[in-house]
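Each chain, letter by letter, is given below.
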Amino acid sequence: MSNLNQVVTFIRDQFNTNEFIPLHEPRFRGNERKYVLETIESTFVSSVGAYVDQFERMMETITETRKATAVVNGTSALQVALQLAGVQQGDEVITQALTFVATANAIVYNGAYPVFLDVDLDTMGLSPKAIADFLDLHGDLREDGCYNRLSGRRIAACVPMHTFGFPVHLDELMNVCEEWQIPVVEDAAESLGSSYHDKHTGAFGRLGVFSFNGNKTVTCGGGGAIVTNDEEFGLKAKHLTTTAKKPHPYEFYHDEVGYNFRMPNLNAALACAQLEQLEQFVERKRTLASDYASFFDGIGIKFRRELPSTKANYWLMCVELENKSVREEFLSFTNANKVMTRPIWQLMFRLPMYQHCFRDDQKNALFLEERIVNVPSSVI
Ligand SMILES: *Cc1c(COP(=O)(O)O)cnc(C)c1O
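Residues numbered from 1 in each chain as written. Predicted model: local features only at pLDDT ≥ 70, side-chain atom pairs only at ≥ 80, totals over all residues. Heavy atoms only, no water.

**Quick notes on the sheet that holds strand β12 (residues 302-303)**
Thinking step 1. What the 4 strands build is an open sheet, ordered β12-β14-β16-β15; its pairing is antiparallel. The sheet is open, and its two edges are formed by β12 and β15 (342-343), each paired on a single side.
Thinking step 2. Judged from the 2 bridges that link them, β12 and strand β14 (residues 317-320) form a sheet pairing that is antiparallel. By the bridge assignment for β14, F303 is matched with V319.
Thinking step 3. Its contacts with the sheet place helix α10 (residues 278-298) against β12, β14 and β16 (372-375), and it is angled at close to 20° to β14.
Thinking step 4. Against the sheet, helix α11 (residues 324-336) makes contact with β14, β15 and β16, and its axis sits at roughly 20° relative to β16, the strand it touches most. (Pairing = 2+ DSSP bridges. Helix = DSSP H or I, 4+ residues; strand = E, 2+ residues; numbered from the N terminus. Contact = heavy atoms within 4.5 Å. Axes fitted to C-alpha atoms, helices over the stretch in contact; angles between N-to-C directions.)

**A short note on the site of the ligand**
Thinking step 1. The immediate surroundings of the ligand are formed by 15 residues, with G74, T75, E190, S211 and K216 found nearest.
Thinking step 2. A distance of 2.5 Å is found between an oxygen atom of the ligand and a side-chain nitrogen or oxygen belonging to T75.
Thinking step 3. Within the side chain of E190, an N or O atom sits 2.5 Å from an oxygen atom of the ligand.
Thinking step 4. Burial of the ligand by the protein amounts to 92% of the accessible area it has alone, namely 380 Å².
Thinking step 5. Going through the elements one at a time, α4 (74-85) and α5 (101-109) are the ones with two or more residues in the shell around the ligand.
Thinking step 6. Taken together, the residues of the shell around the ligand break down into 4 nonpolar, 8 polar and 3 charged. (Near = heavy atom within 4 Å. Polar contact = N/O pair within 3.5 Å; in protein donor to acceptor, adjacent residues only side chain to side chain. Areas by Shrake-Rupley, 256 points an atom, 1.4 Å probe, with all protein chains shown as cover. Nonpolar A, V, L, I, M, F, W, Y, C, P; charged D, E, K, R; others polar.)

**Overview of the pattern of salt bridges**
Thinking step 1. In this structure the tally under the stated criterion is 19 salt bridges.
Thinking step 2. For the salt bridge of E56 with R57, the shortest nitrogen-to-oxygen distance reads 3.7 Å.
Thinking step 3. E56 sits in the buried class, given a relative accessible area of 2%.
Thinking step 4. Judged by its relative accessible area of 36%, R57 falls in the partly exposed class.
Thinking step 5. When salt bridges that share partners are traced, they join E56, R57, E60 and K238 into one network. (Salt bridge = Lys/Arg side-chain N within 4 Å of Asp/Glu carboxyl O. Buried < 20%, exposed > 50% of the residue type's maximum accessible area, 1.4 Å probe, protein only.)

**So, the environment of G298**
Thinking step 1. Looking at the secondary structure, you find G298 in helix α10.
Thinking step 2. Along the sequence, G298 and E19 sit 279 residues apart, while their C-alpha atoms lie 26 Å from each other.

**Some points on α10**
Thinking step 1. Counted at 1.5 Å a residue, the expected span for α10 with its 21 residues is 30 Å, and the 30 Å between its end C-alpha atoms agrees.
Thinking step 2. Taken together, the buried positions of α10 are L278, F281, V282, K285, L288, A289, Y292, A293, F295 and F296.
Thinking step 3. Backbone geometry just downstream of α10 places G300 in the positive-phi region, at approximately 75°. (Expected span 1.5 Å × (residues − 1).)

**With respect to empty space enclosed by the protein**
Thinking step 1. On inspection of all chains with the given rule, the structure shows 1 cavity of 30 Å³ or more.
Thinking step 2. Of the voids in this model, the largest cavity is the one considered here, and its volume is about 50 Å³.
Thinking step 3. Every residue along the wall of the largest cavity is listed here: A189, E190, S191, L192, S211, F212, K216, T217, V218, N313 and W315.
Thinking step 4. Counted by class, the lining of the largest cavity contains 5 nonpolar, 4 polar and 2 charged residues. (1 Å grid on protein atoms, 1.4 Å probe; cavity = no way out; pocket = protein on both sides within 12 Å on 5 of 7 lines; lining within 4 Å. Points joined across faces, edges and corners; volume = space filled by probe spheres on them.)

**Side note on the side chain of N374**
Thinking step 1. Structurally, the position occupied by N374 is in strand β16.
Thinking step 2. Taking relative accessible area as the criterion, N374 reaches 1% and is therefore assigned buried.
Thinking step 3. Here the side chain of N374 touches M317 through a polar contact of 3.3 Å, landing on its backbone oxygen.

**Regarding the sheet that holds strand β11 (residues 224-228)**
Thinking step 1. Taken in spatial order, the 4 strands line up as β1-β11-β10-β7 in an open sheet, and their pairing is mixed. Each edge of the open sheet is held by one strand with a lone partner, namely β1 (67-71) and β7 (185-187). Taking the axes of each pair of neighbouring strands and ignoring which way they run, one obtains an average angle of 20° across the sheet.

**Concerning the packing of helix α6 (residues 128-138) against helix α7 (residues 170-179)**
Thinking step 1. With their axes 8 Å apart at the nearest point, α6 and α7 run at an angle of 20° to one another. Looking at the two axes, α6 sits roughly parallel to α7. Every pair of crossing elements has a handedness; the one defined by α6 and α7 is left-handed. Facing P128, I131 and A132 of α6, the residues of α7 in contact are E172, L173 and V176.
Thinking step 2. The class makeup of the residues in the contact of α6 with α7 is 5 nonpolar, no polar and 1 charged. (Parallel < 35°, antiparallel > 145°, perpendicular 65-115°, else oblique. Left-handed = near helix turned anticlockwise from the far one by under 90°.)

**With respect to the domain arrangement of the protein**
Thinking step 1. Each assigned domain of the protein is listed with its residue range as follows: domain 1 (4-26 + 278-349 + 358-375) and domain 2 (32-276).
Thinking step 2. Distance from the C-alpha centre of domain 1 to the C-alpha centre of domain 2: 26 Å.
Thinking step 3. Contacts between domain 1 and domain 2 engage 37 residues on the former and 45 residues on the latter.
Thinking step 4. Of the roughly 3500 Å² buried between domain 1 and domain 2 on both sides combined, carbon and sulfur atoms contribute 65%.
Thinking step 5. Here domain 1 and domain 2 share 0 salt bridges between them.
Thinking step 6. At the junction of domain 1 with domain 2, the criterion picks out 21 residue pairs in polar contact (both at pLDDT 80 or more).
Thinking step 7. Of all the secondary-structure elements, those providing two or more residues to the side of domain 1 that touches domain 2 are α10, β13 (310-311), α12 (363-369) and β16. (Domains from an automatic or database assignment. Buried area = accessible area lost by both parts, 1.4 Å probe.)

Right under this line is the structure:
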C-alpha cells in the first residue's frame, strides 16, 4: 500500500513526536500525585482506606448502579461476578471467542466450560442472533434454568464483552438471555465511559465488571470493579473479595471460602484521581477518533466507528483492512516505523486450553480476526 507513509505521518502529527508511539499509555495530569502522597503520609496504603470507599462511590455515580466493589484487577472481578451470578463447577458459560483471554479464564476459574458463539460484524461483540440460533437448536429450558441438550450441562451465564469500548447490541442480547433465563455478566473491562441508549455499559447485566489495568482508558496501576443494581449481590461481592470475614472488632471469623481480591488504598487513590478526568479523557479520545475517521476515509481505509444510539469511549481505535495480506503489510510497515499497531486477539479456540471447547461457525469472528488492527489511541 502506497498510502502507508501517509498513515505514519498522520499519526506522528497527532502525537507530535518522532519517538516510538505506543498503542495506549496512561496520562497523569490531575490529582494523582497529591492523592497517592496522601496515602503514604497517612500510612493507609493497604486494604483499608478512604480512597477505596471514594472509588466505589465514584464508580456508582459514573455507571449509575447501586453498588460498586473495588477489587485487585478486572480478571478477579469477572471471576467473582460469575460466582455470584450462580456459575458452578461443571456449568457452561456463553461468551465470544473474539476477546482477551481473561474472559475465558475467569469462566474456567469457576470450574465451568466456555461456549464460544459468534460476534456481530458491526459491534465486534457477542451476537444476540448467534445466541438465539444456538439456543433454538440446543437449549432446553428446565425448572432450574437453561440446559444444553448437546452436553447435558446447565448454561449458567452469558458474558458479552464490549470490544474496544464499542457496546454490543444490548437490548437484543438482554432479551434473548431473559427468554432463556440466563443471567448476563458484562465484561465491560474495556468500556468505561461507553454507553448504549444513554445507559452506561456494565449496568445492563446482573453484574458488570471493569478493569483499571495500565493500558485501559483509566488506570490505577492494576485494579478492577464489580458493579450491580442488586444490593444483595453488591454486599456479597464486597464480602467474597475481602476474605469473607464477618465484621468484628477483634475476632477472626470467616463464613465461607473468600478471596483476598481487595484493591489497596494506594491504587484507589490513583484511581480516584483518574476517574475525575474520565469525561475529559473520553472527549479527547473521541476527537482523535473523529480525526482518524476523516483521515482514513480520505485514503480509502475503513476506520471503525460507533453505532447510532451508542457512545463509544474509543479505548483502542481500529481500522478494518481488506484482507490478511494487506493487514500484514500495514502491521509491518507501521511497527518498523516505530508506530505501534497490533492485530486483534487470536480467537480463543486457537489457544491450547480452549481448543476443545464448543464453538459455532465463528463466521464473523474469523472475518474480523484477519482484518482488524489497533492504532495508537492514547489521550492526546
Ligand atoms: C483488560 C481486560 C480484562 C482483565 O483486566 P485485568 O485488570 O487486566 O485483569 C478482562 N477482559 C477484557 C476484555 C479485558 O480487555
